[in-house]
Structures are given as C-alpha cells and as structure tokens.
Amino acid sequence: MEDRIVTATKLGRILEEARLKHRGFSQWDSYSSRHDHDTILQILIDGKDPNATDIDGGALPTLVYLAREKRPQHPHNFKAGAMNALIRVSSNISNGQIILNLDCDMYSNNSLCIWDALCFFMDKENGHDIAFVQFPQGFENMTKNDIYGSSFIVISNVEFHGVDGFGGPLYIGSGCFHRRDVLCGRKFTKDFKFQWKKDDDNKIQKTMQELEEETKPLASCTYEQNTEWGNEIGLKYGCLVEDVITGLLTQCKGWKSVYLNPERKAFLGVAPITLSQTLVQQKRWSEGHLQILLSKYSPAWYAHAKISLGLQLGYICYNIWSVNCLATLYYSIIPSLYLLKGISLYPQVSDPWFWSFAYVISAKYIYCLVEFLCSGGTILGWWNEQRIWLYKRTTSYLFALIDTILKTLKFTNVTFSITAKVADEDVSQRYEKEIMDFGASSPMFTILATLAMLNLFCFAGVVKKVIMDENFRLYEEMFLQLLLCGALVLINLPLYQGLFLRKDKGKVPSSITIKSFLLALLACTSFTFLY
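Residues numbered from 1 in each chain as written. Predicted model: local features only at pLDDT ≥ 70, side-chain atom pairs only at ≥ 80, totals over all residues. Heavy atoms only, no water.

Per an unreviewed UniProt entry, the protein chain goes by the name Cellulose synthase-like protein E1 and belongs to Hevea brasiliensis. In its Subcellular location (unreviewed entry) section, UniProt records this for the protein chain: "Endomembrane system". (UniProt positions renumbered as here; feature names shortened; annotations may be inferred.)

(A) Examining the sheet that holds strand β8 (residues 256–259) more closely. Taken in spatial order, the four strands of this open sheet run β3-β7-β5-β8, and their pairing is mixed. Of all the strands in the sheet, just β3 (98–101) and β8 have a single pairing partner and so form its edges. Averaged over all pairs of adjacent strands, the angle between strand axes in this sheet comes to 20 degrees, irrespective of strand direction. With three bridges connecting them, strand β5 (residues 130–134) and strand β7 (residues 176–179) associate as antiparallel partners. Along β7, the bridge assignment pairs V133 with F177. (Pairing = 2+ DSSP bridges. Helix = DSSP H or I, 4+ residues; strand = E, 2+ residues; numbered from the N terminus. Axes fitted to C-alpha atoms, helices over the stretch in contact; angles between N-to-C directions.)

(B) Structural context of the nonpolar core. Ranked by internal contacts, the top residues of the largest apolar core, which has 38 residues, are L275, Y391, M436 and L495. Of all the elements in the fold, those that place two or more residues in this core are α9 (275–294), α11 (324–341), α13 (379–408), α14 (425–432), α15 (443–468), α16 (474–491), α17 (493–501) and α18 (510–530). It is α15 that provides the largest number of residues to this core, a total of nine residues. In this structure, M436 is in contact with I147, Y148, L275, R387, I388, Y391, P494, R502 and G506, ignoring residues within four places of it in sequence. Membership of the second largest hydrophobic core comes to 33 residues, among which are V163, L248, I292 and I307. (Core = buried A, V, L, I, M, F, W, Y, C linked by side-chain atoms within 4.5 Å. Buried < 20%, exposed > 50% of the residue type's maximum accessible area, 1.4 Å probe, protein only. Contact = heavy atoms within 4.5 Å.)

(C) Quick look at the sheet that holds strand β6 (residues 138–139). Taken together, three strands build an open sheet; the order of strands is β4-β9-β6 and the sheet is mixed. Either end of the sheet is taken by a strand with one partner, and the two such strands are β4 (107–108) and β6. For β4 and strand β9 (residues 267–269), the ladder comprises two bridges, and the chain directions are antiparallel. Each bridged residue has a counterpart across the sheet, and for Y107 the counterpart in β9 is L268.

(D) Inspection of the environment of I379 at higher detail. Of note, I379 is situated in helix α13. According to the relative accessible area criterion, I379 is exposed, its value standing at 56%. Sequence spacing of I379 and E140 is 239 residues, and the spatial spacing of their C-alpha atoms is 21 Å.

(E) Fine view of the side chain of N492. Of note, N492 is situated in the loop between α16 and α17. With near-sequence residues (within four places) excluded, N492 lies in contact with L390, Y391 and A452.

(F) Looking closely at the UniProt feature "transmembrane region" (unreviewed entry) in the protein chain. As annotated by UniProt and renumbered to match this structure, "transmembrane region" (unreviewed entry) occupies residues 313–333, 353–383, 445–467, 479–500 and 512–530. From the first C-alpha to the last, residues 479–500 spans 29 Å; its make-up is 95% helix and 0% strand. Strand forms 0% of residues 512–530 and helix 100%; the C-alpha atoms that close the span are 26 Å apart.

(G) Quick peek at the pairing of β7. Alternating residues of β7 divide into C176 and H178 and F177 and R179, and every residue in both groups is buried. In the sheet, β3 pairs with β7 via four bridges, with the strands oriented antiparallel. Looking at β7, one finds that I99 is bridged to H178.

(H) Quick peek at the packing of aromatic side chains. Throughout the structure, instances matching the rule amount to 21 aromatic pairs. Ring plane angle 90 degrees and centroid distance 5.8 Å describe the contact between F135 and F267, whose orientation is recorded as edge-to-face. With F135 in the loop between β5 and β6 and F267 in strand β9, this residue pair connects regions lying 132 residues apart in the sequence. Taken individually, F135 and F267 each receive the classification buried, so the pair is uniform in this respect. With centroids separated by 5.1 Å and ring planes inclined at 85 degrees, the aromatic side chains of F354 and W355 adopt a geometry described as edge-to-face. Overall, W355 belongs to the exposed group, its relative accessible area being 56%. Members of the aromatic cluster, each reached through a chain of ring pairs, are F160, Y259, Y318, W321 and Y397. Here the basic side chain of K306 rests over the ring of Y302, its NZ or CZ set 3.6 Å away from the ring centre. Directly above the ring of W389 sits K364, whose terminal nitrogen or CZ lies 5.8 Å from the centroid. (Phe/Tyr/Trp six-rings, centres within 6.5 Å; stacked < 30°, edge-to-face > 60°. Lys NZ or Arg CZ within 6 Å of the ring centre and 35° of its normal.)

(I) Representation of the environment of E287 in the model. Tracing the chain through its elements places E287 in helix α9. Considering only alpha carbons, one finds E287 and C184, 103 residues apart in sequence, at a separation of 27 Å. Ignoring any residue separated from it by four or fewer positions in sequence, one finds E287 in contact with L240, A400, D403, T404 and K407. A polar contact of 2.9 Å, which involves the side chain of E287, links it to the side chain of K283. (Polar contact = N/O pair within 3.5 Å; in protein donor to acceptor, adjacent residues only side chain to side chain.)

(J) How the structure looks around the pattern of salt bridges. This structure, assessed with the given rule, holds 17 salt bridges. We note a salt bridge from D181 to R186, for which the minimum N-O separation is 3.5 Å. Here K253 and E232 are joined by a salt bridge, their closest N and O atoms 3.6 Å apart. Here K253, found in the loop between α8 (242–252) and β8, pairs with E232, found in the loop between α7 (208–215) and α8; they are 21 residues apart in sequence, far enough to count as distant. Take K253: its relative accessible area is 36%, and that puts it in the partly exposed class. By relative accessible area, which is 35% here, E232 ends up partly exposed. Taken together, the shared-partner salt bridges in this structure form one network comprising D36, D38, E69 and R71. (Salt bridge = Lys/Arg side-chain N within 4 Å of Asp/Glu carboxyl O.)

(K) Representation of the layout of surface pockets in the model. Put simply, the second largest pocket is a space of about 970 Å³. Considering the residues around the second largest pocket, the lining is formed by 24 residues, among which Y331, I361, Y365, W389 and L484 are closest to the centre. Breaking the lining of the second largest pocket down by element, the ones donating at least two residues are α11, α12 (354–374), α13 and α16. The greatest single-element share of the lining of the second largest pocket, amounting to seven residues, is contributed by α16. (1 Å grid on protein atoms, 1.4 Å probe; cavity = no way out; pocket = protein on both sides within 12 Å on 5 of 7 lines; lining within 4 Å. Points joined across faces, edges and corners; volume = space filled by probe spheres on them.)

(L) Up close: the packing of α9 against α13. Put simply, α9 and α13 touch, their axes get as near as 8 Å, and they point 45 degrees apart. The orientation of α9 relative to α13 falls into the category oblique. Helix-helix and strand crossings are classified by hand; for α9 and α13 the assignment is right-handed. (Parallel < 35°, antiparallel > 145°, perpendicular 65-115°, else oblique. Left-handed = near helix turned anticlockwise from the far one by under 90°.)

Below you can see the structure in the form of structure tokens.
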C-alpha cells in the first residue's frame with residue numbers, strides 16, 4: 001500500500017489498475033487541488049452488512065471516507081469546519097449518540113476508555129448534564145527526559161484535575177467523547193433526560209450508493225450559509241483554538257465536562273521532534289488563547305456567573321500565556337545589562353529584604369520540581385521543561401502577542417499553522433538521543449540566540465571585573481542579579497553548543513550565529529557606554 005501511495009504521489013494521478021479495482025477513485029476525477037475539489041464520500045464498510053467481518057469473523061463497524069468540498073472562494077474554517085462537516089455526514093449515516101474526536105496522528109491505546117466515558121454519560125444521577133469527557137493527550141514518541149517539554153505532565157496530572165473540580169476541564173481538541181445532541185445545539189435544562197434507545201424501526205433502508213449521494217450535500221462548502229453552524233451549532237469558528245472556545249461556550253450554557261486520566265493512556269499521538277515544531281505549535285495555541293480573552297466570549301466577562309469562579313480563573317490562566325512574554329523578556333535582558341554596568345537592582349545580601357526574594361525563588365522552584373517529579377517526570381526532564389518555558393515565553397508567546405494585536409487592529413487575517421510531525425531520519429535520531437535541533441532558519445531562533453549571547457557577554461564581563469578589580473564586591477551587592485544571569489547562561493548550554501561546537505545539521509545556522517553575535521554585542525556596548 002505504501003508503494004502505491006508513493007507512486008500515485010509522484011505521478012500526480014491514480015493508476016488505471018487501482019481505479020478499476022476501487023470504485024471510490026472515480027470520485028477523484030473532479031480533483032483539482034487540495035483546496036479546490038468536490039465532496040468525496042464513500043462508505044467503505046457498512047456495519048449493518050452481515051458479511052462485514054474481520055478475518056476472525058468479528059463484526060466490523062461502519063467506516064466512511066470523507067473529503068468535504070473545498071473552493072478557493074469559500075472559507076473552509078480549518079479543523080472546526082472539518083469537524084462540523086463530519087458531524088453532519090455521520091448524523092445521516094450512523095447517527096451515534098456519542099462522538100469520539102481524535103487528531104489524525106492519534107490512535108486508541110486503551111479500548112476500555114469507551115466504557116469509562118459511557119459510565120459518566122449514563123450515570124442516572126449526574127450524567128444528564130455532562131457534555132463531554134476529556135482524556136489527556138499522550139504521545140508514543142516521548143523520550144525519557146522530554147527534551148522539548150511536550151508531555152504536559154503537570155497540566156495532565158495536576159492542573160486539569162483541579163479545573164475538573166470546578167465544573168470540568170477544557171476541551172483540548174482530541175481524545176474527547178462528546179454527546180452529539182450537545183454539539184448540535186441542544187439547550188441545557190436541569191430536568192432533561194437523554195434517551196439512549198434509538199428508534200430505527202421505521203427508517204427507510206437505502207443502498208450505500210443512495211445514502212452516499214443523499215449525504216454529499218451536507219459536506220458542500222455552501223451548506224452552512226445562513227445557518228447557525230460555526231456559531232450556535234457545532235464547533236465555533238473564528239479562533240485558532242476552536243476546541244477551547246467551543247468547550248467554554250458549552251460550559252457557559254450550563255453543561256459540564258469530566259476529566260478522565262486512566263493509568264493506561266487512552267490515546268497516543270506524535271509529539272513535535274524539533275524545537276521549531278514545538279515553538280510554532282506553542283505560538284498557535286497561545287495566540288488562540290489570547291484571542292479568546294479579548295473576544296466577546298472572554299471568560300473574564302462573558303463567562304462571569306455562568307461558570308464557577310475557579311473554572312473562570314482556570315481559563316484565564318491559559319488565556320494570558322502570551323502576555324507572559326513581556327515579563328520574561330524583561331528579566332532575561334535588563335538585570336543582566338545592569339549587572340554588566342555594575343548597578344544593583346535587588347536588595348544586597350545584608351539587607352533583610354534579600355531573604356524575601358530568596359524565599360520566593362526557592363519556594364517556587366522547589367515546589368515546581370516536587371510537582372514535576374510527583375507527576376512522573378525526571379530531574380533532567382524538569383530542567384528541560386524550564387528551558388522550554390524560557391524559550392516559549394521569549395519567542396512563541398512574543399510572536400503570538402504581536403500577531404494578536406495586529407489582527408485585532410485588522411492589519412492581518414487569522415491564519416492556521418499546522419504543526420509538522422514528519423521529519424528526516426537524522427532529525428529523528430537526534431530527537432531519540434535527546435539532542436536539541438536548531439537547524440531551521442527562523443526569527444524565533446535569532447531571538448533565542450541573541451538573548452543567550454547577551455547573557456553570556458554580561459556574565460563574562462562581570463567575571464572579568466571581579467578578576468581585574470579586587471574591591472568589586474560582587475557577592476555582597478549583586479548576588480541575585482549574578483544568580484539570574486548565571487542561571488540563564490547555564491540553561492542555554494545546549495544553545496551555546498549549537499552556536500559554537502556542533503557540526504551536524506542540527507546546529508544553529510551560521511547566519512543566525514553571526515546576526516545574534518552582532519546584535520548582542522551592540523546591545524551590551526551601547527548600554528555600557530551610552531547609559
């Protein structure tokens with residue numbers, strides 16, 4: 001099958017032999033491009049057919065292939081549009097009352113999770129108000145020390161359990177079981193009871209071909225015009241994190257959600273295996289969250305009195321991700337430059353206020369480390385998490401903030417960047433060895449390299465001062481600044497290796513090395529002589 005796919009991709013067409021063997025290929029005659037084609041729909045397996053069995057004789061479920069119609073002049077609304085088309089098409093074919101939503105790179109790792117989810121939906125006391133059951137995202141390609149901080153183990157094992165106690169977790173777009181009726185716009189009432197038995201006795205039986213032709217219009221690019229799809233029905237349009245805002249609006253209508261984190265992961269997918277992929281993904285997420293905060297559906301005001309205060313604060317905590325870039329950039333630049341200049345910004349060691357700073361710093365990082373270890377992480381994994389924490393806030397969140405401001409002012413339009421999950425063999429090998437990959441030429445890497453260079457120059461400059469001037473009381477006067485600058489240098493060691501020592505394809509491109517060196521040198525020199 002792989003050979004046939006590769007051959008068709010290279011030729012740009014389906015071989016005649018395959019066309020004659022599979023009826024579905026005839027529908028691709030209208031194919032023009034991935035953004036310009038008719039609806040392509042085929043019922044590959046009819047679950048009602050008694051002959052639809054596997055090699056062991058077990059019954060197979062209905063399996064349908066769908067490529068919704070796309071035209072350049074009609075917005076397709078990205079993932080939310082695809083989900084809404086699937087909801088309509090499946091309603092006309094199988095109409096199951098529970099929908100499982102998975103990203104294309106995820107698969108089931110625990111079939112019993114279906115039973116677990118149904119236990120919540122079918123609970124006689126509280127099941128009637130549950131709209132969706134969310135499982136955490138797991139990844140099959142995670143390394144031992146999670147070099148890119150992609151496992152989200154603290155979010156999965158701590159934070160989501162917390163918001164679950166306030167009315168339910170966020171809908172995160174994958175690994176989620178939904179009630180079809182809720183996604184289709186059913187209003188919440190406290191006395192409503194779901195009917196699990198479907199009345200299909202009077203349903204007219206149709207052939208697969210008849211059902212396909214009847215269903216195709218539901219996936220056309222004009223079907224949603226003058227309807228509530230994308231607004232009151234289905235997934236919400238107009239946001240980069242359509243899943244989160246859909247879940248928020250569902251909870252604001254009175255529905256609740258449940259978070260379920262079984263010991264055996266329910267679903268596994270593929271995590272990003274390069275730093276560039278990680279930062280692009282984080283940029284999209286943080287930008288989408290900020291869009292929600294600034295929209296009319298903001299949890300800060302729209303959700304007030306509609307969901308619990310704890311859940312409201314939980315949403316806002318994620319919504320302000322990108323705003324954190326401002327404080328992080330300040331602490332990554334200003335204290336180090338003042339250290340180089342010899343100006344103290346924090347209390348001296350002899351000052352009683354010094355111990356307040358020392359307590360907050362120590363308590364925060366000790367608690368963070370214990371929390372990470374209790375969630376199943378390693379000490380080195382925690383250190384990698386701190387590095388990615390810094391990298392996200394100084395690049396992904398910064399670009400997300402800038403793009404959100406520009407889009408709010410109508411200077412640019414909303415775009416949806418898909419995170420690539422396919423990489424070359426040497427990239428995969430570096431990931432498995434937990435060697436960071438800086439091989440892409442990106443403005444984000446220029447910022448990271450410049451900040452790393454700047455802190456290295458400042459640290460080296462102050463060490464030189466200590467050596468040259470015996471009266472320079474560094475420890476007494478600027479211990480906290482030295483600690484901060486030293487920590488930034490230490491955490492950037494993999495980046496320094498990529499800048500100066502490595503020779504493989506994962507090293508920092510020479511153009512970025514030169515550019516960052518000159519920018520950092522200019523900043524340090526200008527601040528020293530002009531301030």
